[in-house]
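Per-entry structural report
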Amino acid sequence: MIADKALVVLSGGQDSSTSLFWAKKHFKEVYAISFSYGQKHVLELELAESLCKTENVPFKKIDLSFISSLASNSLTDSSIHMDEEVPDKALPNTFVPGRNLFFLSVAAVHARELGIKDIITGVSQTDFSGYPDCRDNFIKSINISLNLAMDYEFYIHTPLMRLDKEQTWALADELGVLDIIRYKTLTCYNGIIGDGCGHCPACKLRKRGLDRYLEHRK
C-alpha cells in the first residue's frame, strides 16, 4: 500500500538522493527540504534543487547558516585541514555538531505545516564516519521529542539505517536510478560531483561500496 505524503531531508548527496527515490516509490506525494548551513560546497544544494525539478518534487531551501558559527569543523571552515581518516577515539573534524538535530527539527515544523507526518532522512549507522547523530538511537530519541514538542505524530523513516554502502548502491539500482545517483549527486568533501576526488573519507567509502556492488553484479 502506498502511503499519502512524505517530506525528504535532501542534501544532494548519495544517501539522501537515494532516499528521495525510495520515498517516491512508497508515497503518493513527496516533498523535499534542503538546508544551507555554511557548508563550503553549496553546489550540493544546486544538485538537490535540480533533482527535485527533474522529478517534479516540491523543493524548499532553508537558511541555517548560524550552525557554522556555533562550532569549528572542516566542512564549514576552509582553514581547518580535513581529517583523511576517522580518528580512533575522537569524532572526525568533518562532524558538524547539531546538524541533524537542527535539520530534523526544522523539517518537522515544515512537515507539520504541510500536513505531513512522514519524514525521511538518509542517515545510516552501518557505514558512517563516526557521527553520533546518524545512529538509530538518536533518530528514535528525536522522533519522540518532536512528537511531544508539537503534539503531532511524526514518523521518521531511515531506509538506509541498516544498509552498508554496497547495499545502498544496490537499492539505487533496484529503484532504477543508479546512474543518477552515481553521476548527479555530490558526496565528496572536496566538492567534486559524481565519483568525487577519490581520497577524502566520503569518497573512499562511496567508491568501496560501488566497487563491491559492481563486482557482485557481474
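A quick note: this is a predicted structure, and the numbers were derived from the prediction, not measured. Residue numbers run consecutively from 1 along every chain, following the written order of its sequence. Residue-level local features of this predicted model are given only where pLDDT is at least 70; pairs of side-chain atoms are given and counted only at 80 or more, and the full residue set underlies all totals for whole chains, interfaces and linings. Side-chain metrics in this entry use all non-hydrogen atoms of the structure; hydrogen atoms and water are not considered.

For the rest of this paragraph, the subject is the packing of aromatic side chains. When two rings of Phe, Tyr or Trp (its six-membered ring) have centres within 6.5 Å they constitute a pair, described as stacked for plane angles under 30 degrees, edge-to-face for angles over 60, and tilted for the intermediate range. Going through the model one piece at a time under the given rule, you end up with 6 aromatic pairs. With centroids separated by 5.6 Å and ring planes inclined at 40°, the aromatic side chains of Phe-95 and Tyr-131 adopt a geometry described as tilted. You can see Phe-95 sitting in the loop between helix H3 (67–70) and helix H4 (99–113) and its partner Tyr-131 sitting in the loop between strand E4 (118–120) and helix H5 (136–150), a full 36 residues away along the chain. We note that Phe-95, like Tyr-131, is buried. Aromatic ring contacts, followed pair by pair, group Phe-35, Tyr-37 and Phe-103 into a single cluster. It is Lys-117 that lies over the ring of Tyr-152; its NZ or CZ is 5.7 Å from the centre. Helical segments are the DSSP runs of H or I of at least four residues, strand segments are the runs of E of at least two, and each set is numbered from the N terminus. For every residue, the accessible area obtained with a 1.4 Å probe (protein chains only) is divided by the maximum for its type, and the residue is called buried under 20%, exposed over 50%, and partly exposed between those limits. A ring has a charge above it when a Lys NZ or an Arg CZ is no more than 6 Å from the ring centre and no more than 35 degrees off the ring normal.

Within strand E1 (residues 3–9), 5 of the 7 residues are buried, leaving the element largely enclosed by the surrounding structure. Summarising the sheet, E1 and strand E2 (residues 27–36) pair through 6 bridges and their orientation is parallel. In the strand pairing of E2, Ala-3 is matched with Phe-27. Look down the strands so they point away from you; if the path from the first strand over the helix to the second goes clockwise, the crossover is right-handed. Note on the crossover from E1 through helix H1 (residues 14–26) to E2: the handedness is right-handed. DSSP calls a pair of strands paired once it identifies at least 2 bridges connecting them. Here E1 pairs with E4 via 3 bridges, running parallel. Bridge assignment links Ala-6 to a residue of E4, and that residue is Asp-118.

Moving on: the sheet that holds strand E5 (residues 155–157). Read from one edge to the other, the open sheet built from 5 strands follows the order E3-E2-E1-E4-E5, with strand pairing classed as parallel. The outermost strands of the open sheet, each flanked by one partner alone, are strand E3 (59–63) and E5. In this sheet, adjacent strand axes meet at a mean angle of 25° when their direction is disregarded. To get an axis, fit a line to the C-alpha atoms, keeping to the stretch in contact for a helix; angles then go from 0 to 180 degrees between the N-to-C directions.

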